[in-house]
Amino acid sequence: MHTMQHGLKEERQERLYEYADDIQFSFYCPEIDDYESFKTDFSSGNSSIDDKIYNERYNNNFVDYFVIDNKNNRIIAVYSLACSACIYSDYGKHHFYSAIEIEFFAVDVHYQDIKAVDPDEGCLSSIIFRSVLSRIMDISFEVIGATKIILYSVPNAVSFYQKNGFLEFGIDILKNTDWYTDECIPMYMNI
Amino acid sequence: MNETKVIIIKEEKAKEFFSQKPNYDMIKKIKRTANKYAHNATWIKGRTSRKAI
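Below is a short write-up of the structure. (Residues numbered from 1 in each chain as written. Chains lettered and ligands numbered in written order. Predicted model: local features only at pLDDT ≥ 70, side-chain atom pairs only at ≥ 80, totals over all residues. Heavy atoms only, no water.)

**Some details on the overall build of chain A**
What counts, and what does not: Numbered from the N terminus, helices here are DSSP runs of H or I no shorter than four residues, and strands are runs of E no shorter than two. Each residue is assigned to one of three classes by its accessible area relative to the maximum for its type, calculated with a 1.4 Å probe on protein chains only: buried under 20%, partly exposed between the two thresholds, exposed over 50%. In short, Shrake-Rupley with a 1.4 Å probe defines the accessible areas, and a residue's cover is counted only from the protein chains shown.
When helices and strands are counted, chain A shows five helices and eight strands. Helices and strands in chain A line up, N terminus first, as α-β-α-α-β-β-β-α-β-α-β-β-β. The buried share among the 191 residues of chain A stands at 53%. If you sum the accessible surface of chain A, you get close to 9,300 Å²; carbon and sulfur atoms cover 50% of it.

**Quick word on the overall build of chain B**
Looking only at helices and strands, chain B features two helices and two strands. In chain B, the order of α-helices and β-strands from amino to carboxyl end is β-α-α-β. Counting the 53 residues in chain B, one finds 34% classified as buried. Element-wise, carbon and sulfur atoms account for 53% of the exposed surface of chain B, whose accessible area totals about 3,700 Å².

**A look at the packing of helix 4 (residues 124–142) of chain A against helix 2 (residues 24–36) of chain B**
When two helices pack together, their arrangement is given by the angle between their axes and by how far apart the axes lie. Put simply, the rule reads: In this analysis an axis means a line fitted to C-alpha atoms, helices contributing only their contacting stretch, and an angle means the value between N-to-C directions, from 0 to 180 degrees. Should an angle fall under 35 degrees it is called roughly parallel, over 145 degrees roughly antiparallel, and 65 to 115 degrees roughly perpendicular, with every other angle called oblique. Throughout, a crossing is termed right-handed when the near helix is turned clockwise from the far one, and left-handed when it is turned anticlockwise from it by less than a right angle. Contacts: residue pairs with any heavy atoms within 4.5 Å of one another. When residue character is reported, Ala, Val, Leu, Ile, Met, Phe, Trp, Tyr, Cys and Pro are called nonpolar, Asp, Glu, Lys and Arg charged, and the others, Gly included, polar.
Across the interface, helix 4 of chain A lies against helix 2 of chain B with an axial gap of 8 Å and an inter-helix angle of 110°. Overall, the two elements helix 4 of chain A and helix 2 of chain B adopt an arrangement that is roughly perpendicular. The handedness of the crossing between helix 4 of chain A and helix 2 of chain B is left-handed. In contact with Ile127, Arg130, Ser131, Leu133, Ser134, Met137 and Asp138 of chain A of helix 4 of chain A, helix 2 of chain B contributes Met26, Ile27, Lys29, Ile30, Lys31, Thr33 and Ala34 of chain B. Looking at the contact of helix 4 of chain A with helix 2 of chain B, its residues break down into seven nonpolar, three polar and four charged.

**Concerning helix 2 of chain B**
All names here are of chain B. What counts is decided by this rule: Here the expected span of a helix is defined as 1.5 Å times the quantity of residues minus one. Arc definition: directions from the helix axis to the C-beta atoms.
Taking 1.5 Å per residue, 13 residues should reach 18 Å; helix 2 reaches 18 Å between its end C-alpha atoms and fits that length. If you check which residues of helix 2 are buried, you get Met26, Ile27, Ile30, Lys31, Thr33 and Ala34. What you see down the axis of helix 2 is that its buried residues fit within an arc of 160°, all on one side. In this structure, helix 2 carries Tyr24, Asp25, Lys28, Arg32 and Asn35 as exposed residues pointing more than 90 degrees from its buried face.

Shown next as structure tokens:
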């Protein structure tokens, strides 16, 4: 374990770029063969999330997107989107509110913490995440309506999502029962 | 059914929760960042995903 952590630190020290502004990237839906390079080359630093993304590659409940570095074709980030819903019960009646769920959002360790030239923009992860949010908003305004964007955050990523406009629910909810949400915190953004 | 993506909210204050307005300042911020870096980002259309196979 110690060796793995040490290795991770060394990987982090290998800086590919000085600033996020220098990176040109592309978003696309991967084909099934693309997941082999994901498995061998991508590491978010959380192997259980990486394994989950790989193992769910045939799952039609959501669509995966790869964010690729145009310069070297490395996978910068992976995220998945799904239709979802928030439901509440009121005296036996159920009210449905449409939502779009970000199933996964993971950034490769080599691309984490690469700062933007403008400190207000944060880092590359924020830039990519905000591009994704903007895309989701466009979809919800033009294609399929949704009132909220929801996600389940791992505990150490909550502050990242808060900085990008997400709030914890703050009311009693029943979580999605998928295993990966057991320790995760449900968050939302009104759109 | 184990993949059903629902959040069930039991409390009365759920009504208040669902009537919340978006944080337009934050949305503007997000849009501004996305637009600012739009020249860095390419959205590839027309690629066949596994869903279509």
